[in-house]
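Commentary on secondary and tertiary structure
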Amino acid sequence: NLNYKGEIKSCNHHLAHLASAYFPSGFEKCLLVSNDGIGEIDSTVYGIGDRGKINIISDINSRYPDSLGLIYTAVTFFLGWRIFCDEGIIMGLAPYGDENAQIPNKNMTYYEVFSDIILIDDNNNYIINKKWISYHTERDKWVSKKFIEVFGPKRNFDEEIQPHHQNIAAALQRRLEEVTIKQIKYLKEKYNLDYIAIAGGVGLNCSLNGKIHEKIGFKKIFIQPASGDSGTPIGACYLAYKEKQGHIEIKKRYNSYLGSRYNEKDLYEAIKYMNLDFIKPKNLYQSVAKILADGKIIGWFQNAAEFGPRALGNRSILCKPYPVDMKDYINSRVKFREYFRPFAPAVLSENAREYFEINQESPHMLMAIKVKQSKKELIPAVVHVDNSCRVQTVTEKNNSSFYQLLKAFKHETGIPVLLNTSFNVKGQPIVNNPQQALESFKSTSIDCLVIGNFILEKK
C-alpha cells in the first residue's frame, strides 16, 4: 500500500523491549529487564546495556508456558476481567486482600497456593506449575481443573467482589513481587550494576516497580512509559538506527508527549461547531487553580497527547487531592469504574521528596511509592489503601503547562499535588481530539473543560 521497495527486517521481540528501555534511559551501563507474557518463545529476558551495546544474560531466562505475564493474565480472566487489558485492575485490587488468609474449606493459605503455582529453582529461574494452568493446552479457559477445585468457580464480571477474590489478587501480586525481586537482586549483585531499565507488559505493574525502588537499592530506575507491546516499535527503531549508523547516543529521553496536537484555531472551531460558551482568561493557570481549589473537577486537554497508557497531564481529568471522598466521587460519577481503583498524584518535582518516599524522578507514573505519614492527611484522595501512591513527578522542562498549573494550585492552596487520571470513562480510550474532549465533557459529571486556552464551565 505504501509502495515501499526497500528491505524489511524484523527483530526479536524482547530485544526490542530491552532497546526501548535502554537507549532513552540515559544510563551508560545498567541492568535491562523485559518481563512479558510471551515474545516468540521467551517470557522473561534480562540483559546488560553497556556503552551502547545490549548483551543478553543467559543466567536467567524463562520460556513459554513459564510466564509471569501469562499467569497474571490467567488470574485476571478467572476473576472476571478482560485479558490483555485489565491486569492493572488486579494490581489495584490486591492491597484490599489478605494473602495469608486460609482458603475456605481448604487446609492452605492463598499465598501457599501461589507459592506452588509460581515456583523458583536453585538457579533463580521461575517455573509455572502446569498442574494449575491450562492456557498452554486449550483455548479460553486459562486455569486448570485443579485451580477451580481449590478456588471455586470463575467470577463473572457483574458479580460482587468478595474477600475471596481480593485474597487471590493479593497472593498473586505478592508472589510476582517476591520472584521478580529475587531475580533482579541476584543479577544486580552478580554484575555489580547501579541502574536498571525496565520494559515488557509486566513493567506496567506499578506496585512491583515500587518494590524494586524500595527494596533493591538501585541509584536510578527507568521504566519505559509504553512498556507493553506498543513500545516495541520504539525499540525496533533504535535497533535499526544503530545497525545503520553504527552508534546511538545514550541519552535521557523522558518526553512521551508524542501524539496528536491541535492549534488554537482547531480548538476554537471545535467549540463553536458544538455551540458551546467559553471564556479565555488572561491568566489561564491562576483561573484554573481557583476552579480546582473550589472542588470542581476539570477535563484538561493540552498540547500533544501522551504515548503510553498513562495520562501525564495533557489528556487528564484533574481535581484537588482532598477530601478523601473525591476518589469515590470520581470513580462512581465521572469514570464509572470499580470503587477500589486508585488515582495518581501529580506533584511538582521539587516537592516530591517532601510528600513521598522517593529518591528520583517518576515522570511516567509507573512506580507506587509510599506517602510520607505527615502528608497523608493533606492528599488522602490519591493515597491507596496500602498507603502507596502512583506518583508522577512534573518538571517545567518535561511539561511546562502542567507544571505551571501545579505551581498555581500550590500558590492557591499550599498543596503542590493534584489528583490526575486519564481523560476517559471506563472502557473507552483516552480522548484524542477536541471533539472527543467536548463530547466527554458534555456526557459526564466533569464540571469544567480546559481545552488549550479556553475554559468551558457547566451552568
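Now for a quick tour of the structure. For every chain, the first residue of the written sequence is number 1, and numbering continues from 1 onward in sequence order. Totals for whole chains, interfaces and linings use all residues, but because this is a predicted model, local features are given only for residues with pLDDT of at least 70 and pairs of side-chain atoms are given and counted only at 80 or more. As a rule here, side-chain values cover all heavy atoms of the structure and leave hydrogens and water aside.

Our next topic: the overall build of the protein chain. Helix and strand definitions here come from DSSP, where helices need a minimum of 4 consecutive H or I residues and strands a minimum of 2 consecutive E residues; each element is numbered from the N-terminal end. Across its full length, the protein chain carries 14 helices and 16 strands. Taken over C-alpha atoms, the radius of gyration comes to 23 Å for the protein chain, in line with the 23 Å a tight globule of 459 residues would show. When its C-alpha atoms are laid out on the principal axes, the protein chain stretches across 65 × 60 × 50 Å. In the structure as shown, the protein chain presents an accessible area of about 20,500 Å², 48% of it carried by carbon and sulfur atoms. All radius of gyration figures rest on C-alpha atoms, and the globule criterion is 2.2 Å times the number of residues raised to 0.38. Methods summary: accessible areas were calculated by the Shrake-Rupley approach with a probe of 1.4 Å, and residue burial reflects only the protein chains presented.

For this analysis, a salt bridge means a side-chain nitrogen from Lys or Arg found within 4 Å of a carboxyl oxygen belonging to Asp or Glu. Using the criterion set out here, one finds 19 salt bridges in the structure. In this structure, Asp50 engages Arg51 in a salt bridge whose closest nitrogen and oxygen atoms are separated by 3.1 Å. When a residue's accessible area, from a 1.4 Å probe over protein chains only, is under 20% of the maximum for its type it is buried; when over 50% it is exposed; and in between it is partly exposed. We classify Asp50 as buried; its relative accessible area is 19%. What makes Arg51 exposed here is its relative accessible area of 65%. Residue Arg174 is joined to Glu178 by a salt bridge in which the shortest nitrogen-to-oxygen separation is 3.2 Å. Taken together, the positions of Arg174 and Glu178, both in helix 6 (residues 163-191) and four residues apart, correspond to about one turn of that helix. According to the relative accessible area criterion, Arg174 is partly exposed, its value standing at 25%. Ionic contacts of the salt-bridge type, sharing partners, join the residues Glu99, Arg174, Arg175 and Glu178 into one network.

Moving on: empty space enclosed by the protein. Regions of empty space are outlined by a rolling probe, equal in size to a water molecule, passed over the atoms. Definitions used for this entry: grid spacing 1 Å over protein atoms alone; cavity, a set of points where a 1.4 Å probe fits but cannot get out; pocket, an open set with protein on both sides within 12 Å along at least 5 of 7 lines; lining residue, one with an atom within 4 Å of a point. Grid points are joined across faces, edges and corners, and a volume is the space filled by probe spheres set on the points. Using the criterion set out here, one finds two cavities of 30 Å³ or more in the structure. Volume-wise, the largest cavity comes out at about 130 Å³. Those elements giving two or more residues to the lining of the largest cavity turn out to be helix 3 (87-93), helix 7 (206-215) and strand 12 (388-390). A total of three residues in the lining of the largest cavity trace back to one element, the largest contributor, which is strand 12. Any residue that is not Ala, Val, Leu, Ile, Met, Phe, Trp, Tyr, Cys, Pro, Asp, Glu, Lys or Arg is counted as polar, Gly included; the first ten are nonpolar and the last four charged. Considered class by class, the residues forming the lining of the largest cavity number seven nonpolar, four polar and two charged. By volume, the second largest cavity amounts to about 60 Å³. With three residues, helix 7 is the largest single contributor of residues to the lining of the second largest cavity. Partitioning the lining of the second largest cavity into residue classes produces seven nonpolar, four polar and no charged.

So, on to helix 6. How far a helix is expected to stretch is found by multiplying one less than its residue total by 1.5 Å. Helix length check: helix 6, at 29 residues, gives a terminal C-alpha distance of 42 Å against a target of 42 Å (1.5 Å per residue), a fit within 8%. Immediately downstream of helix 6, the backbone of Asn192 shows phi near 55°, a positive value.

Nonpolar side chains in soluble globular proteins generally cluster together in the buried interior. With 121 residues, the main nonpolar core has Leu31, Phe151 and Phe356 as its most contacted residues. Contact partners of Leu31, with chain neighbours within four places excluded, come to Tyr46, Gly47, Ile57, Ile184, Leu187, Leu193, Tyr195, Ile196, Ala197 and Phe218. The nonpolar core is taken to be a set of buried Ala, Val, Leu, Ile, Met, Phe, Trp, Tyr and Cys residues, with the residues joined through side-chain atoms within 4.5 Å. In this structure, Phe27, Val45, Ala197 and Tyr254 belong to the second largest nonpolar core, which totals 18 residues. Any pair of residues with heavy atoms lying within 4.5 Å of one another is described as a contacting pair.

What follows deals with the pairing of strand 3 (residues 53-63). Between any two strands, pairing holds if DSSP finds at least two bridges. Summarising the sheet, strand 2 (residues 42-50) and strand 3 pair through seven bridges and their orientation is antiparallel. In the strand pairing of strand 3, Gly49 is matched with Ile54. Here strand 2 folds back onto strand 3, and the loop between the two strands holds two residues, one of which, Arg51, carries a positive phi near 50°.

Strand order in the open sheet made by the seven strands is 13-10-14-9-8-15-16, with mixed pairing throughout. Bordering the open sheet on either side are strand 13 (392-394) and strand 16 (454-457), each of which pairs with just one other strand. Strand-to-strand twist of the sheet, defined as the mean angle between neighbouring strand axes without regard to direction, takes the value 30°. Two elements, strand 8 (residues 298-301) and strand 9 (residues 315-319), share four bridges in a ladder whose sense is antiparallel. Across the sheet, the residue bridging to Gly299 is Ile317, located in strand 9. Think of each axis as a best-fit line through the C-alpha atoms, taken over the contacting stretch in the case of a helix, with angles from 0 to 180 degrees between the N-to-C directions.

Moving on to the sheet that holds strand 1 (residues 29-39). Overall, mixed pairing links the five strands, which are arranged 3-2-1-6-7 in an open sheet. Strands at the two margins of the open sheet, each flanked by one partner only, are strand 3 and strand 7 (220-223). When the angles between neighbouring strand axes are averaged without regard to direction, this sheet yields 20°. Most of the contacts of helix 6 go to strand 3, to which it runs at about 140°, and overall it touches strand 1, strand 2, strand 3 and strand 6 (195-199).

What follows covers the environment of Thr109. Of note, Thr109 is situated in the loop between helix 3 and helix 4 (110-117). Put simply, Thr109 and Ile168 are 59 residues apart on the chain and 9.9 Å apart in space, counted from C-alpha to C-alpha. Setting aside its immediate chain neighbours within four residues, Thr109 contacts Glu99, Asn100, Ala101, Gln102 and Ile103.

So, about the packing of helix 2 (residues 68-78) against helix 6. Between helix 2 and helix 6, the least distance of the axes is 11 Å, while the angle of their chain directions is 175°. On the basis of their axis angle, the class for helix 2 and helix 6 is roughly antiparallel. Side by side, helix 2 and helix 6 meet where Leu68, Ile71, Tyr72, Val75 and Phe78 of the first sit next to Ile168, Leu172, Gln173, Leu176, Val179 and Thr180 of the second. Across the contact of helix 2 with helix 6, the residue classes tally to nine nonpolar, two polar and no charged. Geometric relationships in this document are graded by angle, where less than 35 degrees denotes roughly parallel, more than 145 denotes roughly antiparallel, 65 to 115 denotes roughly perpendicular, and other angles denote oblique.

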